[in-house]
Amino acid sequence: MSRSAHPAGPRHADVLTEGHYSAPAADLNVLDEKVWARTVTRDADGALTVGGIAVARLAEEFGTPAYILDETDFRARCRAWADAFGPDADVFYAGKAFLSRAVVRWLKEEGLNLDVCSGGELTTALDAGMPAERIAFHGNNKSVAEIERAVRAGVGRIVLDSFQEIVRVAHIAQRHGIRQRVQIRVTVGVEAHTHEFIATAHEDQKFGIALAGGQAAEAVRRALSLDGLDLIGIHSHIGSQIFDMAGFEVSARRVVQLLAEVRDEHGVELPEIDLGGGLGIAYTSEDDPREPHEIAKALSDIVTRECEAAKLRTPRISVEPGRAIVGPTAFTLYEVGTVKPLEGLRTYVSVDGGMSDNIRTALYDAEYSVALVSRTSDAEPMLVRVVGKHCESGDIVVKDAFLPADLAPGDLIAVPATGAYCRSMASNYNHALRPPVVAVRDGGARVIVRRETEEDLLRLDVG
Ligand SMILES: *Cc1c(COP(=O)(O)O)cnc(C)c1O
């Protein structure tokens, strides 16, 4: 298991010390609204309710583990992003964070666009009725078949990631007699991290085409020369779980510099710039994310200022939040199976899921919170590690947290902020059955992705 990998990059290891945990909250029964979905509250009996429904009822009806998604919160966050950026910018939800047909319909109704990065995501988007022109297609190695489908469907943009792909997409578009709208993804030499960023001249990563060494300028030259392509702009995505806007500042400056070079060389002002996603959310009470309107203002100010300096018309901005929209809207509901105190160390709390429904802790050393949700408790706090039921000692859901010392088998606990990159990264390790996603809203609950069954497993196993 990697202990140094983190979505924000290896330097995150400097920030997180091994065995890090903060002091227990003054009252473990209090639910920090920063990390919980918007309609979460405790009812008169002390049980957590979401969308007006108590967790015990959800557990009884849908079983555990389950991802419980607050539809009201999801829609509110979509609207907040759309309103913050306004009619002169575009918000693309990054489908890889979590995608289902219900989610696509919500996005469509709330006026958002959608990023997809595989044929499977494209199929889901189209099947649920997302207009193709509101879809952007990403990926560093899209197959010819995937590009064909995207072009034929009429997707609004394909984000080109390599020199080979420039030619590949151009040929396919030409064969279909169209000019495909495209952006070129560039790497700007910014490594963004949760609490810091680093500006470098080079990037050592698989995505995009480097600005350094004139490579991106050469990519623009080629794209402009090909009949099948309509180059509408430049794309950059600098990292994930970012709180510091300074990384976007450097990235926007470097992209605008390229736009100015393109104007000087080709007499063309590319009309759009996409600054990617990666905006951070609160996984624990220590994280302080920004509101969409602050982010929108900061990004728009940066781009406007840089364009004025370069005497360019300000391009249309797009952004691609995934985690920042869906992350906070869901929690994972587990039942406690065993409680094992290790003298002088901590107490291991085993739940009925684990790394198959949340790989982020094992993969990135991610931090999560946890709470007892089927009741309140006045017992003392105890230091716990919440672990799953998999045959792997790295099967940790929450590395260090506090739960009441009277925690017992049969209690329900919940891990908040699991809407992004949990169900979408879930696996069948140990032939686990991937949990359902249950959407709640105004006193109603419905399954939007059903629980896998053993029949599902056997159906794939053709003997
Ligand atoms: C992953 C990704 C996003 C979304 O990242 P979040 O951290 O979920 O906001 C946006 N754009 C691109 C190109 C990505 O790869």
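Fair warning: this is a prediction, and the values are worked out from it, not measured in the lab.

1. Some remarks on the overall build of the protein chain
Working step 1: The number of helices and strands found in the protein chain is 13 helices and 23 strands.
Working step 2: The C-alpha radius of gyration of the protein chain comes to 23 Å, within 12% of the 23 Å expected for a compact globule of 463 residues.
Working step 3: Projecting the C-alpha coordinates of the protein chain onto the three principal axes gives extents of approximately 70 × 45 × 40 Å.
Working step 4: Residues classed as buried in the protein chain amount to 56% of the 463 residues present.
Working step 5: Just so you have it, the protein chain exposes about 19,300 Å², and 49% of that area is on carbon and sulfur atoms.
Working step 6: Here the protein chain carries 50 positive and 68 negative side-chain charges, and the mean point of each set is 5 Å from the other.

2. Remarks on the UniProt feature "modified residue: N6-(pyridoxal phosphate)lysine" (unreviewed entry) in the protein chain
Working step 1: Those places that UniProt annotates as "modified residue: N6-(pyridoxal phosphate)lysine" (unreviewed entry) correspond, in this numbering, to Lys96.
Working step 2: Beyond its immediate chain neighbours, meaning those up to four positions away, lysine 96 contacts Cys117, Glu121, Tyr421 and Ser424.

3. Structural notes on the side chain of aspartate 161
Working step 1: Looking at the secondary structure, you find aspartate 161 in the loop between β8 (157-160) and α7 (163-175).
Working step 2: No salt bridge is formed by the buried aspartate 161; the nearest opposite charge belongs to arginine 185, separated by 4.3 Å.
Working step 3: In this structure the side chain of aspartate 161 is engaged in a polar contact, spanning 3.0 Å, whose partner is the backbone nitrogen of glycine 208.
Working step 4: Setting aside chain neighbours within four positions, we find aspartate 161 in contact with Gly139, Asn140, Lys142, Arg185, Lys206, Phe207, Gly208 and Ile209.

4. A short note on the domain arrangement of the protein chain
Working step 1: One can read the domain layout of the protein chain as domain 1 (22-70 + 328-460) and domain 2 (138-321).
Working step 2: The C-alpha centroid of domain 2 is placed 36 Å from the C-alpha centroid of domain 1.
Working step 3: In this assembly, domain 1 packs against domain 2 so that about 820 Å² is buried in total across both faces, 51% of it on carbon and sulfur atoms.
Working step 4: The interface formed by domain 1 and domain 2 holds 1 salt bridge in total.
Working step 5: Taking the shortest distance from any N to any O, the salt bridge between lysine 34 and aspartate 288 comes out at 3.2 Å.
Working step 6: Between domain 1 and domain 2 we count 6 residue pairs in polar contact (both at pLDDT 80 or more) in total.
Working step 7: Tallied by class, residues from the side of domain 1 that touches domain 2 come to 4 nonpolar, 2 polar and 4 charged.

5. Quick look at the side chain of aspartate 70
Working step 1: In this fold, aspartate 70 is placed in strand β4 (residues 66-70).
Working step 2: Buried and unpaired, aspartate 70 has arginine 38 as its nearest opposite-charge partner, separated by 7.0 Å.
Working step 3: At 2.8 Å, the side chain of aspartate 70 forms a polar contact with the side chain of threonine 39.
Working step 4: Each residue touching aspartate 70, except ones within four places of it in the same chain, is listed here: Ala37, Arg38, Thr39, Val40, Val50, Thr329 and Val440.

6. Let's talk about the packing of aromatic side chains
Working step 1: Under the definition given, this model contains 5 aromatic pairs.
Working step 2: Arranged with centres 5.8 Å apart and planes meeting at 70°, the rings of phenylalanine 74 and tyrosine 93 form a pair that is edge-to-face. Of this pair, phenylalanine 74 sits in helix α3 (residues 71-85) while tyrosine 93 sits in strand β5 (residues 89-94), and the two are 19 residues apart along the sequence.
Working step 3: Given the relative accessible area of 0%, tyrosine 93 is considered buried.
Working step 4: An aromatic cluster of three or more residues is present, and its members are Phe74, Tyr93 and Trp106.

7. Quick notes on the state of the cysteines
Working step 1: For the coordinates displayed, the defined rule picks out 0 disulfides.
Working step 2: Take cysteine 422: it sits in no disulfide, and the sulfur closest to it among the cysteines is that of cysteine 117, at 16 Å.

8. Remarks on the pattern of salt bridges
Working step 1: The full count for this structure, using the stated rule, is 32 salt bridges.
Working step 2: Measuring nitrogen to oxygen at the nearest pair gives 2.6 Å for the salt bridge that ties aspartate 400 to arginine 346. On the criterion of sequence distance, the pair formed by aspartate 400 in strand β20 (residues 396-404) and arginine 346 in strand β17 (residues 346-351) is long-range, its members being 54 residues apart. Across the pair, exposure class does not vary: aspartate 400 and arginine 346 are buried alike.
Working step 3: Measuring nitrogen to oxygen at the nearest pair gives 2.7 Å for the salt bridge that ties glutamate 452 to arginine 434. Of this pair, glutamate 452 sits in the loop between β23 (444-449) and α13 (454-460) while arginine 434 sits in the loop between β21 (412-416) and β22 (437-441), and the two are 18 residues apart along the sequence.
Working step 4: In this structure glutamate 452 comes out as buried when scored by relative accessible area, which is 12%.

9. Examining the site of the ligand
Working step 1: Taken together, 14 residues are adjacent to the ligand, and Lys96, Gly278, Glu320, Arg323 and Tyr421 come closest.
Working step 2: Taking histidine 237, its side chain carries an N or O atom lying 3.4 Å from a nitrogen atom of the ligand.
Working step 3: Between glycine 278 and the ligand, the recorded distance is 2.8 Å, taken from a backbone N or O atom to an oxygen atom.
Working step 4: Bound to the protein, the ligand loses 92% of the 390 Å² it would expose on its own.
Working step 5: When the residues that make up the shell around the ligand are grouped by side-chain class, the tally is 3 nonpolar, 7 polar and 4 charged.

So, how was this worked out
- Residues numbered from 1 in each chain as written.
- Predicted model: local features only at pLDDT ≥ 70, side-chain atom pairs only at ≥ 80, totals over all residues.
- Heavy atoms only, no water.
- Helix = DSSP H or I, 4+ residues; strand = E, 2+ residues; numbered from the N terminus.
- Rg over C-alpha atoms; globule rule 2.2 N^0.38 Å.
- Buried < 20%, exposed > 50% of the residue type's maximum accessible area, 1.4 Å probe, protein only.
- Areas by Shrake-Rupley, 256 points an atom, 1.4 Å probe, with all protein chains shown as cover.
- Lys, Arg positive; Asp, Glu negative; His and termini not counted.
- Charge placed at Lys NZ, Arg CZ, Asp CG, Glu CD.
- UniProt positions renumbered as here; feature names shortened; annotations may be inferred.
- Contact = heavy atoms within 4.5 Å.
- Salt bridge = Lys/Arg side-chain N within 4 Å of Asp/Glu carboxyl O.
- Polar contact = N/O pair within 3.5 Å; in protein donor to acceptor, adjacent residues only side chain to side chain.
- Domains from an automatic or database assignment.
- Buried area = accessible area lost by both parts, 1.4 Å probe.
- Nonpolar A, V, L, I, M, F, W, Y, C, P; charged D, E, K, R; others polar.
- Phe/Tyr/Trp six-rings, centres within 6.5 Å; stacked < 30°, edge-to-face > 60°.
- Disulfide = S-S within 2.5 Å.
- Near = heavy atom within 4 Å.

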